[in-house]
Every structure is written in C-alpha cells, then in structure tokens.
Amino acid sequence: MKQKIVIQLSMSCDKRRSKALTLAARAAGVTSMGITGDARDQLEVVGDGVDSVCLVSCLRKKLGHAQIIKVEEVKKPEEKKKDEPKPEAVHPPPYFFYPPSSYYPHQYPLYF
C-alpha cells in the first residue's frame, strides 16, 4: 500500500532542507520525497511500507522539531475503460515452398 506522509519541520535554511531530504531518502520503502508548503517547511514523503513514526523520530534526533501533519493512502488514477472492439488476429498467408529440384551435379568419369 503506497502512502503519502506530510511532516512539518523547523527548517530555516537550505542546509537543513537538504539534510532532511537525505534522511528521508535513507528510510526504508521511500520512493519519492519533496519540500512543500508556503514557507517550505514541510517534507512530503511517498513510499510503500514507510514507518512514519521511525522516520519522524530520526528527523527529530538530527534536525529538532518535527511532527506528522497527515498520512494518507495514494490512490492510482482510475483508468477509463473504452468499449473499443478488439482487433482480430491477422494470420500471415501460408508459405509456399517450391518442390525440390531434381538437379544432380554432373559427375566426371574417373580416369586411371
């Protein structure tokens, strides 16, 4: 189950933002992450089987204040089913083989 986790951090400079992204990338199951929010103070992590509590505790140890804003399941966009007729399989025409020729190479007589 893919999930999206939004974590609010106290990030005041670009160095802390890059450190937060590095720590999130090391977490198990993370497929993508990014900085979001108006003040660029939220970390958005998308992954499969990501332990959000472990990720937040790791961020708290390294960066300071961190709290989970929301955790939601990422749904795949529904594919529209079209009622298009399936094309029929086109079979190639059977191969035509010429009958084997009855040509035999000329054998020269042997002289001793």
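Please read these numbers as outputs of a predicted model, since none were measured by experiment. (Residues numbered from 1 in each chain as written. Predicted model: local features only at pLDDT ≥ 70, side-chain atom pairs only at ≥ 80, totals over all residues. Heavy atoms only, no water.)

**Things to note about helix α1 (residues 14-26)**
- Compared with an ideal rise of 1.5 Å per residue, which puts 13 residues at 18 Å, α1 spans 19 Å between its outermost C-alpha atoms and is within 8% of the ideal.
- By the burial criterion, the buried members of α1 are Arg17, Ala20, Leu23 and Ala24. Projected down its long axis, α1 shows its buried positions confined to an angular sector of 125°, all on one face. Turned more than 90 degrees away from the buried face of α1, the exposed residues are Asp14, Lys15 and Arg26.
- On the buried face of α1, the contacting elements are β1 (2-9), β2 (30-36), β3 (42-48) and α2 (52-63). (Helix = DSSP H or I, 4+ residues; strand = E, 2+ residues; numbered from the N terminus. Expected span 1.5 Å × (residues − 1). Buried < 20%, exposed > 50% of the residue type's maximum accessible area, 1.4 Å probe, protein only. Arc of directions from axis to C-beta. Contact = heavy atoms within 4.5 Å.)

**What about the pattern of salt bridges?**
- The final tally for this structure, using the stated rule, is two salt bridges.
- Across the salt bridge formed by Lys4 and Glu72, the nearest N and O atoms sit 3.4 Å from each other. Taken together, the residues Lys4 in strand β1 and Glu72 in strand β4 (residues 66-73) connect sequence positions 68 residues apart.
- Ionic pairing is found between Asp14 and Arg17, a salt bridge with its closest N-O pair at 3.1 Å. Remark: Arg17 and Asp14 occur in helix α1; sequence separation between them is three residues, near one turn of the helix.
- Accessibility expressed as a relative area gives 11% for Arg17, which makes it buried. (Salt bridge = Lys/Arg side-chain N within 4 Å of Asp/Glu carboxyl O.)

Honestly, it's all geometry; don't read function into it.
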